[in-house]
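Structural description and commentary
Listed here are the chains, written in short residue letters.
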Amino acid sequence: MKKNTVFQLLIFTIIFLSIFLFYYNFFYKKNYQKQMKTEIINEVTSDNFKEDTETDKSVILNLEYKSADAFGNKYILKANSAEILPDDEENLKLIDVKAIIYLKDKPPINISSDFAFHNKNSFDTNFFSKVEIKHDEFDVESENLDLLYASNLVSLYNIKKAFYGESSLKVDKIDFDILTKDLSMNMYKNKEKINILYK
């Protein structure tokens, strides 16, 4: 073969590999949700299941879910009580909620809130009202935190206080992609700026 033909084949191979790697890294996203396994730790029995005929509510006391993914991360969700919504049996309204996320080779993330909605099928959890997040040196107080496994997203918004060690952060919303580890911070008003104060 001529040198030109070999050179053209080499260039074509490099271009093809570059296009494939670009597509794989930026457009091909595995669905994190499909890799989740979950179990209910405590069984629903007559001791922890209550039905109120006046309000048409069913309540499970001391509910605990445990999930794990293919990457070795674990997720434990506990609630003092959970209301089964009469018009939506896929979702539970959790009351006095605590969650711990054990990331592989990282310190755990502790989440607490007054309430949360938890989807039993998708594992999506929407924490709201006095949400607190503690992780390593991070300490955040917010009104909302959404763990959305179907879209591989963690969204923290209506942030009241955010601290990292001695530094404080003023931001309204933080989005984190579970798979790509991309992080975006935003303010609701375009004219406002994100502030980081070092002490």
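Structure first, text after, so check above.
Residues numbered from 1 in each chain as written. Predicted model: local features only at pLDDT ≥ 70, side-chain atom pairs only at ≥ 80, totals over all residues. Heavy atoms only, no water.

1. What about the pattern of salt bridges?
Under the defined criterion, the tally for this structure stands at four salt bridges. Notably, a salt bridge pairs D96 with K98, separated by 3.7 Å at the nearest N-O pair. Among the salt bridges present, the one from D175 reaches K173, with a minimum N-O distance of 3.8 Å. (Salt bridge = Lys/Arg side-chain N within 4 Å of Asp/Glu carboxyl O.)

2. Details of the packing of aromatic side chains
Taken as a whole and assessed by the stated rule, the structure comprises three aromatic pairs. Judged by centre distance (5.6 Å) and plane angle (25 degrees), the ring pair of F115 and F128 falls under stacked. Residue F115 is located in strand 6 (residues 109-119), and its partner F128 is located in strand 7 (residues 125-135); the two are separated by 13 residues in the primary sequence. Arranged with centres 5.3 Å apart and planes meeting at 25 degrees, the rings of F117 and F128 form a pair that is stacked. Of this pair, F117 sits in strand 6 while F128 sits in strand 7, and the two are 11 residues apart along the sequence. Classification of F128 by relative accessible area gives partly exposed; the value is 23%. Among the aromatic residues, ring-to-ring pairing joins F115, F117 and F128 into one connected group. It is K93 that lies over the ring of F115; its NZ or CZ is 5.0 Å from the centre. (Phe/Tyr/Trp six-rings, centres within 6.5 Å; stacked < 30°, edge-to-face > 60°. Helix = DSSP H or I, 4+ residues; strand = E, 2+ residues; numbered from the N terminus. Buried < 20%, exposed > 50% of the residue type's maximum accessible area, 1.4 Å probe, protein only. Lys NZ or Arg CZ within 6 Å of the ring centre and 35° of its normal.)

3. Focus on a nonpolar patch on the surface
Taken together, L183, M185, I194 and I196 make up a surface patch of nonpolar side chains, about 340 Å² in accessible area. Mapping M185 onto the fold places it in strand 12 (residues 183-186). (Patch = residues over 30% accessible without salt bridge, like charges linked within 9 Å, V, L, I, M, F, W, Y side chains within 5 Å. Areas by Shrake-Rupley, 256 points an atom, 1.4 Å probe, with all protein chains shown as cover.)

4. A look at the pairing of strand 9 (residues 153-164)
Bridge analysis of strand 8 (residues 138-148) against strand 9 gives 10 bridges, and the strand direction is antiparallel. Residue pairing in the sheet places L145 in a bridge with L156 of strand 9. Here strand 8 folds back onto strand 9 in antiparallel fashion, the turn holding four residues, of which N152 has a positive phi close to 55 degrees. With five bridges connecting them, strand 9 and strand 11 (residues 173-177) associate as antiparallel partners. Across the sheet, residue L153 finds its bridge partner in strand 11, namely D177. As consecutive antiparallel partners, strand 9 and strand 10 (residues 167-170) are separated by two residues, and within that stretch G165 has a phi angle of approximately 60 degrees, a positive value. (Pairing = 2+ DSSP bridges.)

5. Comments concerning unusual backbone geometry
In this model, N62 sits at a positive phi of 50 degrees, which is unusual for a non-glycine residue. For N62, the location among the structural elements is in strand 3 (residues 57-68). The exposure class of N62 is exposed, given its relative accessible area of 52%. A positive phi angle, near 55 degrees, is found at D96, a position not held by glycine.

6. Side note on the environment of K74
Here K74 shows up in strand 4 (residues 74-84). You can call K74 partly exposed: its relative accessible area is 41%. Residues K74 and P108, 34 residues apart in the sequence, show an inter-C-alpha distance of 9.4 Å. Ignoring any residue separated from it by four or fewer positions in sequence, one finds K74 in contact with S67, A68, I100, I101 and Y102. (Contact = heavy atoms within 4.5 Å.)

7. Re the layout of surface pockets
Of the voids in this model, the largest pocket is the one considered here, and its volume is about 1200 Å³. L103, I109, H135, F176 and L183 are the residues nearest the centre of the largest pocket, which is lined by 42 residues in total. Considered class by class, the residues forming the lining of the largest pocket number 30 nonpolar, five polar and seven charged. (1 Å grid on protein atoms, 1.4 Å probe; cavity = no way out; pocket = protein on both sides within 12 Å on 5 of 7 lines; lining within 4 Å. Points joined across faces, edges and corners; volume = space filled by probe spheres on them. Nonpolar A, V, L, I, M, F, W, Y, C, P; charged D, E, K, R; others polar.)

So far we have only geometry, and geometry alone does not tell us how the molecule works.
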